[in-house]
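Here are the chains, one letter per residue:
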Amino acid sequence: MAIIRSQTVTLATITLTLLISLQLCVCYRGKVGAKTEISDVKTNEEVQELGRFSVEEYNRSLRRQRRQRQYKTMSIGDNIGGELRFMEVVEAQRQVVSGLKYYLTISATQNGVSKMFESEVVVKPWVRSKELLNFGPSNSTSQYLSSCCN
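Here's a quick rundown of the structure.

Scoring rules and cut-offs
Residues numbered from 1 in each chain as written. Predicted model: local features only at pLDDT ≥ 70, side-chain atom pairs only at ≥ 80, totals over all residues. Heavy atoms only, no water. Pairing = 2+ DSSP bridges. Helix = DSSP H or I, 4+ residues; strand = E, 2+ residues; numbered from the N terminus. Contact = heavy atoms within 4.5 Å. Phe/Tyr/Trp six-rings, centres within 6.5 Å; stacked < 30°, edge-to-face > 60°. Buried < 20%, exposed > 50% of the residue type's maximum accessible area, 1.4 Å probe, protein only. Lys NZ or Arg CZ within 6 Å of the ring centre and 35° of its normal. Core = buried A, V, L, I, M, F, W, Y, C linked by side-chain atoms within 4.5 Å. Salt bridge = Lys/Arg side-chain N within 4 Å of Asp/Glu carboxyl O.

Examining the sheet that holds strand S4 (residues 113-124)
- With respect to topology, five strands assemble into an open sheet ordered S1-S2-S3-S4-S5, the strand pairing being antiparallel. Edge positions in the open sheet fall to strand S1 (36-37) and strand S5 (129-137), since each of these has one partner strand only.
- Relative to strand S2 (residues 84-97), S1 runs antiparallel, the two being bridged by two bridges. Among the inter-strand pairings, Thr-36 is bridged to a residue of S2, identified as Arg-94.

In structure tokens, the structure reads:
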């Protein structure tokens, strides 16, 4: 009798899990894991902070590259642009992955010139982590600046 109850509870649990999963798929109309546009980007404090974080991480990476080049007795300015100054995030999308992945288009200045950059950041709030995966010029710019995920 105990074995039958255990199997019944297991079957009921599996059935309930499948029904909930199906309901989620129907509600999202197949968009689970798809990128979604974030509205009101310019007033969204979380998105603006992620843009600022992206630029700060890029600048840290740039300073590390400069220290390594200086250590190797190369000229500090060889092939490395100036640090960026964050202006604002102008576009953003979010995707549910193992956390939240943000795709940001960022306006920043470099050596006094306004430029657009693309950034990918993964946020895992349950472990209080955020990681810059990629950062570089917007698609309209051909020069590649940095891949911060290595």
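Observations regarding the environment of Val-121
- The topology assignment puts Val-121 in strand S4.
- A sequence separation of 17 residues divides Val-121 from Leu-104, and the C-alpha atoms of the two residues are 8.1 Å apart.
- Apart from residues no more than four positions distant in its own chain, Val-121 is found in contact with Leu-50, Phe-53, Ser-54, Leu-100, Lys-101, Tyr-102, Lys-130, Glu-131 and Leu-132.

As for the packing of aromatic side chains
- Here the structure, examined in full by the defined rule, presents two aromatic pairs.
- Ring geometry for Phe-117 against Phe-135: centres 5.4 Å apart, planes inclined by 15 degrees, an arrangement best described as stacked. Of this pair, Phe-117 sits in strand S4 while Phe-135 sits in strand S5; the two residues are 18 residues apart in sequence, bridging distant segments of the chain. Of the two residues examined, Phe-117 and Phe-135, each falls in the buried class.
- An aromatic cluster is present here, built from Tyr-58, Phe-117 and Phe-135 joined pairwise through their rings.
- Cation over ring: Lys-35 sits above Tyr-103, and NZ or CZ is 3.9 Å from the ring centre.

Some words on the nonpolar core
- Counting 21 residues, the largest nonpolar core has Val-47, Leu-84, Val-89, Ala-92, Leu-104, Ile-106 and Phe-135 as the members making the most contacts within it.
- Looking at this core, the elements that each hand over two or more residues are helix H2 (45-71), S2, strand S3 (99-110), S4 and S5.
- At six residues, H2 tops the list of elements feeding residues into this core.
- Residue contacts for Leu-84: discarding those within four places in its chain leaves Val-55, Tyr-58, Asn-59, Ala-108, Thr-109, Gln-110, Phe-117 and Phe-135.

Some remarks on the pairing of S4
- One ladder, built from 11 bridges, connects S3 with S4; its direction is antiparallel. Within S4, the position partnered with Leu-104 by the bridge is Ser-119.
- With antiparallel pairing between neighbouring strands as the criterion, S3 and S4 make up a hairpin whose turn holds two residues, including Asn-111 at a positive phi of roughly 55 degrees.
- Two strands pair when backbone bridges link them, and S4 and S5 are joined in this way by eight bridges, in the antiparallel orientation. Residue Val-121 lies in a different strand from S5, and its bridge partner there is Leu-132.
- The antiparallel pairing of S4 with S5 creates a hairpin that spans four residues between the two strands, and Arg-128 there sits at a positive phi of about 50 degrees.

Concerning the pattern of salt bridges
- Summed over all chains, the structure comprises five salt bridges.
- One salt bridge connects Glu-88 with Lys-42, and the closest N-O pair in it is separated by 3.5 Å. Taken together, the residues span a long stretch of sequence, with Glu-88 in strand S2 and Lys-42 in the loop between S1 and H2 at a distance of 46 residues.
- Residue Glu-88 is classed as partly exposed on the basis of its relative accessible area of 27%.
- The shortest N-O distance in the salt bridge between Glu-49 and Arg-52 comes to 3.5 Å. Residue Glu-49 and its partner Arg-52 are located together in helix H2, separated by three residues, close to a single helical turn.
- Note on Glu-49: relative accessible area 34%, which makes it partly exposed.

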